[in-house]
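Listed below are the residues making up each chain.
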Amino acid sequence: MVYAASYMFFLKDRPDVVFCDLVSVCIPVLRLYIPHVIYYCHHPDQLLSPPGSQWKSLYRVPLNYLEEITTGQADKIFVNSKYTGTVFRNTFTRLQVCPEVLYPSINTEFFDKTRVVSLDRALDKKFPDSTIVFLSINRYERKKNLNLAIEALAELKELLPEKEYEKVHLIMAGGYDKRVEENVEHYLELTGLADELQVADKITFLRSPSDSDKLSILSHCNALIYTPPNEHFGIVPLEAMYMEKLVIANNSGGPTESIIDGVSGFLVDLSAKAFAQKMAIVVTDRAIGSRFGKAGKERFVKTFSFAAFANQLEESIQNLMSGKKNN
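Values in this document were obtained by computation on a predicted structure and should not be read as measured data.

Definitions and limits used
- The residue numbers shown here count from 1 along each chain, following its written sequence.
- Two thresholds apply to this predicted model, a pLDDT of at least 70 for residue-level local features and 80 or more for giving and counting side-chain atom pairs, whereas whole-chain, interface and lining totals are computed over all residues.
- Derived side-chain values reflect all non-hydrogen atoms in the structure, with water molecules and hydrogen atoms excluded from consideration.
- In this description a helix means any DSSP run of H or I spanning at least four residues, a strand means any run of E spanning at least two, and both kinds are numbered starting from the N terminus.
- By this rule the span expected of a helix is its residue count minus one, scaled by 1.5 Å.
- Partly exposed describes any residue whose relative accessible area lies between the buried limit of under 20% and the exposed limit of over 50%, with all areas from a 1.4 Å probe on protein chains only and scaled to the type maximum.
- Contacts are assigned to residue pairs with any non-hydrogen atoms lying within 4.5 Å of each other.
- Here a patch means residues that are over 30% exposed by relative accessible area and free of salt bridges, tied together within 9 Å if like-charged and within 5 Å if nonpolar (Val, Leu, Ile, Met, Phe, Trp, Tyr).
- Throughout, the Shrake-Rupley method with a 1.4 Å probe supplies accessible areas, and for residues the shown protein chains are the sole cover considered.
- The salt bridge criterion pairs a side-chain nitrogen of Lys or Arg with a carboxyl oxygen of Asp or Glu, the two atoms within 4 Å.
- Between any two strands, at least two bridges found by DSSP are needed for them to pair.
- Here the term right-handed applies to a crossover when the path leading from its first strand over the helix to its second strand runs clockwise, the strands being oriented away from the viewer.
- In this description, a nonpolar core means a group of buried Ala, Val, Leu, Ile, Met, Phe, Trp, Tyr and Cys residues linked to one another through side-chain atoms lying within 4.5 Å.
- Helix axes are fitted only over the stretch in contact, all axes being lines through C-alpha atoms; the angle between N-to-C directions runs from 0 to 180 degrees.

Draft legend 1. The arrangement of helix α4 (residues 54-71) in detail. A rise of 1.5 Å per residue sets the reference length of α4, with its 18 residues, at 26 Å; its end C-alpha atoms lie 26 Å apart and thus fit the reference within 8%. For α4, the set of buried residues is Arg-60, Glu-67, Glu-68, Thr-70 and Thr-71. Buried positions along α4 lie against α2 (27-30), β2 (36-41), α3 (45-48), β3 (76-79) and α5 (82-91).

Here it is in structure tokens:
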């Protein structure tokens, strides 16, 4: 990032505004010759680094300090949610800055133009028309709390008549890289848990499905189950809302801002029983998915669409360039 920022010095036509995210260390370099620098903080990097030995703690001290100081040199700071804004202020205590919330959006053009195939074709597996499909989309990482979806499926058996439970199926789709040890280990842990809870026959595990297959599965599911706690924002619920799908998510982090509980989805405690209770409603009330899905789509268009993102960003840049302070 420092190299890229330094290279820009030699450009014939330098930009008036530079928008950077994730890495803040380049900001002091950009400030030398760029009039306005905007930084988008998705989450403090120092919190994403897993704890380690005492040597790592010492190694992180100057990096953490550098991240905070360089972040504070931006002319404008955005965060991706109110939740991240709170984390930002609690982490960067030296900075007397109140970052502005700029909700991210998704590439809706891809959703609109991609051809959706049947669920049977996407999974290469035959499903009865009466099947109630719950979908979980997340990387195969332990912090995503994917075991909760499997435990909720097992708990659901106690809440439904046998004939109704027979119709239920759970699809676990997630990013998977065989070179990443955690992906391999956690996938095996989840399949083992499914066997242990005797629900393996009601789960389809997908590893790194293509974008088109993921979209097809999302379009055919009855509800999305989103299990990560304290997610910085959460793009997957937005994708489900755009596809008019009911979302069941943990009542923490970004989903508390994207989902309206009882209107476009359900926000629940971090327990298998809490998730299972809302899943049972989806199974027994076939109309609720459509009703909540339409409400979610309306909320997406109003608050999380690319147009909403672009309009807010444009206004903030105009204010910044005209000298108005809204940080």
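Read on for the rest.
Draft legend 2. Structural view of a nonpolar patch on the surface. Residues Met-1, Leu-22 and Val-23 make up a contiguous nonpolar surface patch of roughly 270 Å² in combined accessible area. Its place among the elements puts Leu-22 in the loop between β1 (17-21) and α2.

Draft legend 3. Highlighting the pairing of strand β6 (residues 168-174). Most of β6 sits out of view: seven of its seven residues are buried. Burial along β6 is two-sided: Val-168, Leu-170, Met-172 and Gly-174 and His-169, Ile-171 and Ala-173, pointing in opposite directions, are all buried. Relative to β6, strand β5 (residues 132-137) runs parallel, the two sharing six bridges. Along β6, the bridge assignment pairs Ile-137 with Ala-173. In terms of strand pairing, β6 meets strand β7 (residues 203-207) through five bridges, oriented parallel. Within β7, the residue paired with Met-172 across the bridge is Phe-205. Traced from β6 through helix α10 (residues 181-196) to β7, the parallel crossover comes out right-handed.

Draft legend 4. Region of the structure containing the nonpolar core. Ranked by size, the top nonpolar core spans 39 residues in total, and within it Phe-134, Ile-150, Leu-156, Met-172, Ile-203 and Phe-205 carry the most contacts. When residues of this core are assigned to their parent elements, the largest contribution, eight residues, is made by helix α14 (residues 272-284). The contacts of Leu-156, once residues within four sequence positions are left out, are Phe-134, Tyr-165, Val-168, Ala-276, Met-279 and Ala-280. Ranked by size, the runner-up nonpolar core spans 33 residues in total, among them Ala-122, Val-133, Ile-217 and Leu-224.

Draft legend 5. How the structure looks around the sheet that holds strand β4 (residues 100-101). Taken together, four strands build an open sheet; the order of strands is β1-β2-β3-β4 and the sheet is parallel. Across the chains shown, the open sheet's two edge strands, defined by having one partner strand only, are β1 and β4. Relative to β3, β2 is paired through four bridges, and the arrangement is parallel. Looking across to β3, one finds that Tyr-39 is bridged to Ile-77. Contacting β2, β3 and β4, α5 crosses the sheet at an angle of about 125 degrees to β3.

Draft legend 6. Spatial organisation of unusual backbone geometry. A positive phi angle, near 50 degrees, is found at Ser-208, a position not held by glycine. By the secondary structure assignment, Ser-208 is in the loop between β7 and α11 (211-220). Located in the positive-phi region is Glu-244, a residue other than glycine, with phi close to 60 degrees. With a relative accessible area of 35%, Glu-244 lands in the partly exposed category.

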